[in-house]
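Below, each chain spelled out in residue letters.
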Amino acid sequence: MRASKMNISTLREDPSEAEIASHRLLLRGGYLHKSGAGLYLYAPLLKRVLDKVARIVADEIASTGGLEIVMPILQEQALWEASGRWETYQASRTMLTVRDRGGMVFGLAPTAEEVVTDYAAHVVKSHKQLPVTFFQQHTKFRDEIRPRFGLMRVKEFIMMDAYSFHSSDESLDATYQAMRAAYDRAFRRLGLEAFAVEADSGAIGGSGSHEFMVAADVGEDTILYCPESGYAANVERAIGTVPAAANWDTAPAAPIITPTPGVGTIEQVVEYLRAHGHPSIMPAHLVKTVLFVAKTAAGSHSVAACVRGDRSLNEVKLTNALSRLLAAEGPILLLRPMQADEVRDATGADPGFAGPVKGLKVSRCLADRTLEGSTRMVTGANLTDHHILGFAIAHDAGVPVIFDDLVTIVPGDACPQSGNPLQGKRGIEVGHVFKLGTKYSQAMKAEFTGADQKLHPFVMGCYGIGTSRVVAAAVEQHHDADGICWPCAIAPYHCVVVPTKSGDAAVEQAAETIYRELAAQGIEAVIDDRDVKPGVKFKDWDLLGIPFRVVCGRGITEGLVEFKARCGAVENIPVSSAVATVVERVRAAIAG
RNA sequence: CGGACCGUAGCUCAGCUUGGCUAGAGCAUUGCGUUUGGGACGCAAGGGUCGCAGGUUCGAAUCCUGUCGGUCCGACCA
């Protein structure tokens, strides 16, 4: 490719809207054009990168036996009603819906379990056809509340999604493991350092799942991990042991209602009590009671959730715990904190004085297991300006309390496997694997005939890789002050040949020759034939992140050209060996 | 949806406090000339309903009200 024909449009300055490296550099390099909030046009160079990512991912999924298909982006409401997810996705407003001229309602595919399950039900009739995996790479839509970070979180994005169908859990396990291995190979080939962590199954549902994370400070997910045991989990999912609280030596042995005028928050209560006879009290000696409204298809429930005062409630865990309690009513459609007037109705007190004691009017009260054996705590009294001191939830609760794991694990909590302190870091989720079980096949009556001549619902798995997010993650992981440093396997071109003296016949001829020979060797090469100063060329290719560069310039009279890897040093090499050097280095880089 | 900030040329921004002549700069673009190893220089040119609507005023980019959009934080979220 000739640079003069590539419509290169780089920016010298950072666009003001871009905060993170990938967003900034992709915009500056002209890879991306913002078309609307959370909507991007993929420019020619980015299209090449996306194609390469898609190719590698497809290659690895196909190597596990996956069959590539293309599913429609518009999905009928009826299909989503059959799985029971229409309501969930409407309640969370994740799915964009559109209406055709006849008034028929469609969702814009946020994912495709329903469509593919419907397909499998029609074409897979026998256990002899199982297992089978279908996958696609296609545009997805999410009605993101707040698109941000360029390609990282957008309304419309490209994703590989795969769905496997099985006759047994064992078969699903085998494919799940094969898929995890395929992901590992794919990310290695893509030049990304990604690792699997335990994850919550979320709105997709199912019995087990792992996320593939790329470590990055700008990542939106928090990961807890243990170097000793290898345990790693998304914070939504992470379990661990919360260290015991320090002693509160002045705590009453039995509950006493105590005035705490005007102090509603944990910090205020602690400060107040410290000043009133309890100098050693800590937030960990308080019970934090958070009130929610949970909605299911059957109606609304008021819910109280208690955690130790120094810790945060994990709403994902709370949602999962409620799902188990309210399983008969179907999925939790919505979980939201109560507003002030609702809190007054539920507790008879102003916000800040709620507790799992007499006067609490909720349909379910849950508490974190950390509190289960706790004694001599402080809790709200459900009476404005009053708390109860010397409270033991197991004995003194005024409502039935269900204990479950509700606490958000933080670095320093003990690893569930080794007992050592967990560590924390941030990550970008680039892939996800789920064991769905029979959630969709049962709901949609997608069945096959087993060897026992009876009908069985498919056991299913689903697997996703965010193709466009992978590109952003790759830039986050591979850039420097000058620009992007693409891993060779996904770079838009492998090598650029830069003649630095326009009009110098010897230089131009050498560059043209090297360029043609590289192309003949299968190297994706660019020749920068633009009539601009050398400095402009160097800056552009550094920004664009082409992995290798051959400069034909002042050394040409001695028969030398410069060879440089994007993140390496300049080497002066003979013109005669330039092509062989590039070929060798590109092949080595792609092989990883 | 709550909080903070911001909308002026393709991009980055100044001007707004204290209303006033033809609305500015750098980068980018076009032409000519000089340049040619890390985003050159000179001369010239094009490009703006100052987000939109209403109001105050003799006069509004500037003040007021509303509205739309954006960025960040929070909430939310395969």
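Below or above, wherever it landed, is the structure these notes cover. (Residues numbered from 1 in each chain as written. Chains lettered and ligands numbered in written order. Predicted model: local features only at pLDDT ≥ 70, side-chain atom pairs only at ≥ 80, totals over all residues. Heavy atoms only, no water.)

## Side note on the overall build of chain A
Step number 1: Across its full length, chain A holds 15 helices and 31 strands.
Step number 2: For the C-alpha atoms alone, the extent of chain A along its principal axes is close to 95 × 70 × 50 Å.
Step number 3: Split into buried and exposed, the 592 residues of chain A put 51% on the buried side.
Step number 4: Long-range pairs, those at least 24 residues apart, make up 69% of the contacts in chain A with a sequence separation of at least 6. (Helix = DSSP H or I, 4+ residues; strand = E, 2+ residues; numbered from the N terminus. Buried < 20%, exposed > 50% of the residue type's maximum accessible area, 1.4 Å probe, protein only. Contact = heavy atoms within 4.5 Å.)

## A short note on the sheet that holds strand β17 (residues 364–368)
Step number 1: Judged by pairing direction, the sheet is mixed, and its five strands sit side by side in the order β16-β14-β15-β17-β20 without closing on themselves. Two strands in the sheet have a free side with no partner beyond their single neighbour: β16 (334–337) and β20 (402–404). Strand after strand, the sheet turns through a mean of 30 degrees between neighbouring axes, direction not considered. (Pairing = 2+ DSSP bridges. Axes fitted to C-alpha atoms, helices over the stretch in contact; angles between N-to-C directions.)

## Structural notes on helix α6 (residues 169–190)
Step number 1: Relative to the 32 Å expected for 22 residues at 1.5 Å per residue, α6 spans 31 Å between its end C-alpha atoms, a close match to the ideal helical length.
Step number 2: Buried within α6 are the following residues: S171, L172, T175, Y176, M179, A182, Y183, A186, F187 and L190. Taken end-on, α6 shows its buried residues confined to a sector of 135 degrees, consistent with a single buried face. Summarising the geometry of α6, the exposed residues directed more than 90 degrees from the buried face are E170 and R188.
Step number 3: Positive phi appears at G191, one or two residues downstream of α6, with a value of about 85 degrees. (Expected span 1.5 Å × (residues − 1). Arc of directions from axis to C-beta.)

## Notes on the protein's contact with RNA strand B
Step number 1: Residues in contact with RNA strand B amount to 40 residues; listed here are only the nearest, R12, R146, M159, D542 and E562.
Step number 2: For RNA strand B, the backbone makes up 46% of the atoms found within 4 Å of the protein, where backbone means sugar plus phosphate.
Step number 3: Within the side chain of R28, one N or O atom sits 3.1 Å away from a base oxygen of RNA strand B.
Step number 4: Backbone polar atom of R554 to a base oxygen of RNA strand B: 2.8 Å apart, as the coordinates give it.
Step number 5: Contributing elements (two or more residues each) for the surface near RNA strand B: β21 (423–437), α14 (534–544) and β29 (548–552).
Step number 6: The element that contributes the greatest number of residues to the surface near RNA strand B is α14, accounting for eight residues.
Step number 7: Among the residues making up the surface near RNA strand B, the classes are represented as 13 nonpolar, seven polar and 20 charged. (Near = heavy atom within 4 Å. Polar contact = N/O pair within 3.5 Å; in protein donor to acceptor, adjacent residues only side chain to side chain. Nonpolar A, V, L, I, M, F, W, Y, C, P; charged D, E, K, R; others polar.)

## Description of the packing of aromatic side chains
Step number 1: Considering all chains together, one arrives at 10 aromatic pairs under this definition.
Step number 2: Within the aromatic cluster, the residues linked to one another by ring pairs are Y119, F134, F165, F448 and F458.
Step number 3: Positioned over the ring face of Y493 is R48, at 3.9 Å from the centre of the ring.
Step number 4: One residue, K425, lies across the ring of F195, its end atom 4.4 Å from the ring centre. (Phe/Tyr/Trp six-rings, centres within 6.5 Å; stacked < 30°, edge-to-face > 60°. Lys NZ or Arg CZ within 6 Å of the ring centre and 35° of its normal.)

## What about the environment of A162?
Step number 1: Note on placement: A162 falls in strand β8 (residues 156–166).
Step number 2: Taking the C-alpha atoms as reference points, A162 and A58, separated by 104 residues in sequence, lie 10.0 Å from one another.

## Quick word on the pattern of salt bridges
Step number 1: Per the counting criterion, the structure on display carries 33 salt bridges.
Step number 2: For K34, the salt bridge is made with E17, and the minimal N-O distance between the two is 3.6 Å. One end of the pair, K34, is in strand β1 (residues 32–36); the other, E17, is in the segment before α1 (21–28), with 17 residues separating them in the sequence.
Step number 3: The exposure class of K34 is partly exposed, given its relative accessible area of 37%.
Step number 4: Looking at E17, the relative accessible area reads 39%, which means it is partly exposed.
Step number 5: Salt bridges sharing partners connect three or more residues here, namely R2, E512, R516 and D529. (Salt bridge = Lys/Arg side-chain N within 4 Å of Asp/Glu carboxyl O.)

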